[in-house]
Amino acid sequence: MLKAIIIYYSLTGNTKRMAESIAEGLKKEGVNTVVKEAEKVRPGELLKFEAIIIGSPTYYGTMAAQIKKLLDDSVEFHGKLDGKVGAAFSSSANIGGGNETTILDILNAMLIHGMIIQGDPAGGHYGPVAIDAPDSRAMKECARLGSRVAKLVKKLYK
Ligand SMILES: Cc1cc2nc3c(=O)[nH]c(=O)nc-3n(C[C@H](O)[C@H](O)[C@H](O)COP(=O)(O)O)c2cc1C
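From a predicted model like this one, the values you see are computed outputs, not experimental measurements.

1. Comments concerning a nonpolar patch on the surface
Right, so step 1: A cluster of nonpolar side chains, contributed by L11, Y59 and Y60, occupies part of the molecular surface with about 440 Å² of accessible area.
Right, so step 2: In this fold, Y59 is placed in the loop between β3 (51-57) and α2 (65-73).

And the structure:
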């Protein structure tokens, strides 16, 4: 069975809510999905999943240190995530508060790992964003990302 992991850091719950909504999108498409806090993920676990989705609150225009640490620790498996599907999402307090730069920083690391990233011609082009708690628009975007990642994984791995 195809497997996805959604990894997040969330101090006040906004990014966590986004993670749960993305998981619903994946599960509806039949992908076995785990949602886990970044601090509980061992880098070696990443090898088990066909898709890895990472979310962070925007902290000074980039990812939280907890997410950066996991990415830095993943160097132990450099080359082994090649060809996996990646995606990212973020919650920030402000429109134009750096949520897109946060997503791009995460995607940048994924690309260096050799992962496959799909953009979106509609909605959040780089990945879903929320301003503070995700509203219905952001929740829809999250479910859409889950569904799109699932479809891509099925194309690549079935
Ligand atoms: C240390 C710190 C830095 C932050 N930096 C930014 C920022 O650069 N831009 C912004 O719009 N919001 C910023 N915020 C606000 C958070 O991104 C926002 O509250 C987010 O929704 C929190 O997500 P969470 O509930 O998942 O923790 C910052 C918050 C903290 C605690």
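2. Describing the side chain of S147
Right, so step 1: Within the secondary structure, S147 is located in helix α4 (residues 136-157).
Right, so step 2: A residue is classified by how much of its surface remains accessible, and S147, at 16% relative accessible area, is buried.
Right, so step 3: Excluding anything up to four places from it in sequence, S147 contacts G25, L26 and E29.

3. Notes on the packing of aromatic side chains
Right, so step 1: Tallied over the entire structure, the rule returns one aromatic pair.
Right, so step 2: For the ring pair Y9 and Y59, a centre distance of 6.3 Å and an interplane angle of 80° mean the geometry is edge-to-face. Of the two residues, Y9 sits in the loop between β1 (3-8) and α1 (14-28) while Y59 sits in the loop between β3 and α2, which places them 50 residues apart along the sequence.

4. Points about α2
Right, so step 1: Buried within α2 are the following residues: I67, L70 and L71. Take α2 and look down its axis: the buried residues cluster within an arc of 100°, on one side only. The outward face of α2, more than 90 degrees from its buried face, is lined by the exposed residues A65 and K69.
Right, so step 2: Where α2 is buried, its residues contact β1, β3 and α3 (99-112).

5. So, the site of the ligand
Right, so step 1: In the vicinity of the ligand lie 17 residues, with S10, T12, T15, T58 and S91 positioned nearest.
Right, so step 2: In this structure, an oxygen atom belonging to the ligand sits 3.1 Å away from a main-chain N or O atom of G13.
Right, so step 3: Taking G97, its main chain carries an N or O atom lying 2.7 Å from a nitrogen atom of the ligand.
Right, so step 4: Taking 640 Å² as the accessible area of the ligand by itself, protein coverage stands at 76%.
Right, so step 5: Contributions of two or more residues to the shell around the ligand are made by α1 and β4 (85-92).
Right, so step 6: When grouped by side-chain class, the residues that make up the shell around the ligand number five nonpolar, eleven polar and one charged.

6. Notes on the pairing of strand β2 (residues 32-37)
Right, so step 1: Here β1 runs beside β2; their pairing, made up of six bridges, is parallel. Across the sheet, the residue bridging to I7 is K36, located in β2.

7. Concerning α4
Right, so step 1: End to end, α4 covers 31 Å across 22 residues, agreeing with the expected 32 Å (1.5 Å per residue, within 8%).
Right, so step 2: Within the sequence span of α4, burial applies to A138, E141, C142, L145, G146, S147, V149, A150, L152 and V153.
Right, so step 3: Residues of α4 that are buried in the fold lie against α1, β3, β4, β5 (116-117) and β6 (129-131).

So, how was this worked out
- Residues numbered from 1 in each chain as written.
- Predicted model: local features only at pLDDT ≥ 70, side-chain atom pairs only at ≥ 80, totals over all residues.
- Heavy atoms only, no water.
- Patch = residues over 30% accessible without salt bridge, like charges linked within 9 Å, V, L, I, M, F, W, Y side chains within 5 Å.
- Areas by Shrake-Rupley, 256 points an atom, 1.4 Å probe, with all protein chains shown as cover.
- Salt bridge = Lys/Arg side-chain N within 4 Å of Asp/Glu carboxyl O.
- Helix = DSSP H or I, 4+ residues; strand = E, 2+ residues; numbered from the N terminus.
- Buried < 20%, exposed > 50% of the residue type's maximum accessible area, 1.4 Å probe, protein only.
- Contact = heavy atoms within 4.5 Å.
- Phe/Tyr/Trp six-rings, centres within 6.5 Å; stacked < 30°, edge-to-face > 60°.
- Arc of directions from axis to C-beta.
- Near = heavy atom within 4 Å.
- Polar contact = N/O pair within 3.5 Å; in protein donor to acceptor, adjacent residues only side chain to side chain.
- Nonpolar A, V, L, I, M, F, W, Y, C, P; charged D, E, K, R; others polar.
- Pairing = 2+ DSSP bridges.
- Expected span 1.5 Å × (residues − 1).

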